[in-house]
Amino acid sequence: MPPLQFARIMNLDKVYLFQHKQLSPILSEWLSVSGHEVQLVDVRDKQFQEDTDGVVVLTGDLDVDKDDQEMIAEMENKRIPVRRIDLNGTLQASITSLNLWLKNNKCKRIVFTGADTITGNENFERFLNRLSELKL
């Protein structure tokens, strides 16, 4: 996959990724190319939660694994916004809604996560490519 410039497009300051997730190395490389800060964290580490403005969960048919479900519940209890992106839905609608969600919630430091099966989803790479084409 060619390097994409997701962080510049989304105007993010920092992205947290979970060390144990299969999508983290892919997203880390993708985001690091644009020069934005990426930090790998342990899902049990509570410090990153204090610094987070929002959570983006990539899903296939809205499936969320147990670790993500627990983290989402904790974040929602802290009133940190959570956005689920279904990669099996309409990609343009997903990208547009993510863009609006980031702007409306003024998210600059987000957690990006998703089930390990997401990397095998045929729409994962298309989603990243479409997101990289977005001109904001």
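Residues numbered from 1 in each chain as written. Predicted model: local features only at pLDDT ≥ 70, side-chain atom pairs only at ≥ 80, totals over all residues. Heavy atoms only, no water.

Caption draft 1: Just the packing of aromatic side chains, in detail. Summed over the entire model, instances satisfying the criterion amount to two aromatic pairs. Arranged with centres 5.8 Å apart and planes meeting at 45°, the rings of Tyr16 and Phe48 form a pair that is tilted. You can see Tyr16 sitting in strand E1 (residues 14-18) and its partner Phe48 sitting in helix H3 (residues 47-50), a full 32 residues away along the chain. What makes Phe48 buried here is its relative accessible area of 2%. Centroid distance Phe18 to Phe48: 5.5 Å. Interplanar angle 75°. Geometry classified as edge-to-face. In this pair, Phe18 is assigned in strand E1 and Phe48 in helix H3, connecting sequence segments 30 residues apart. Comparing Phe18 with Phe48, the two get one shared label, buried. (Phe/Tyr/Trp six-rings, centres within 6.5 Å; stacked < 30°, edge-to-face > 60°. Helix = DSSP H or I, 4+ residues; strand = E, 2+ residues; numbered from the N terminus. Buried < 20%, exposed > 50% of the residue type's maximum accessible area, 1.4 Å probe, protein only.)

Caption draft 2: Highlighting unusual backbone geometry. For Arg79, which is not a glycine, the phi torsion comes out positive at approximately 65°. A residue is classified by how much of its surface remains accessible, and Arg79, at 74% relative accessible area, is exposed. Unlike most non-glycine residues, Lys106 shows phi in positive territory, near 50°.

Caption draft 3: Region of the structure containing the side chain of Lys14. By secondary structure assignment, the location of Lys14 is in strand E1. Residue classification places Lys14 among the buried positions, given a relative accessible area of 13%. There is a polar contact of 3.4 Å between the side chain of Lys14 and the side chain of Glu37. Within the local environment of Lys14, its side chain forms a polar contact with the side chain of Gln39, the two groups lying 2.9 Å apart. Every residue in contact with Lys14, bar those within four places of it in the chain, is listed here: Glu37, Gln39, Asp51, Lys108, Arg109 and Ile110. (Polar contact = N/O pair within 3.5 Å; in protein donor to acceptor, adjacent residues only side chain to side chain. Contact = heavy atoms within 4.5 Å.)

Caption draft 4: Examining the sheet that holds strand E2 (residues 37-41) more closely. Spatial strand order, E2-E1-E5-E3-E4: five strands in an open sheet with parallel pairing. The open sheet terminates on both sides in strands that have one partner only, identified here as E2 and strand E4 (82-86). For this sheet, the mean inter-axis angle between neighbouring strands, taken without regard to orientation, is 25°. Bridge count for E1 against E2 is five bridges, and the pairing is parallel. Bridging from a neighbouring strand, Val15 pairs with Val38 of E2. Against the sheet, helix H2 (residues 23-32) touches E1, E2 and strand E5 (109-114), its axis set at about 160° to E1. On the sheet, helix H5 (residues 91-104) packs against strand E3 (54-59), E4 and E5 and is oriented at approximately 170° with respect to E4. (Pairing = 2+ DSSP bridges. Axes fitted to C-alpha atoms, helices over the stretch in contact; angles between N-to-C directions.)

By themselves these figures say nothing about function.
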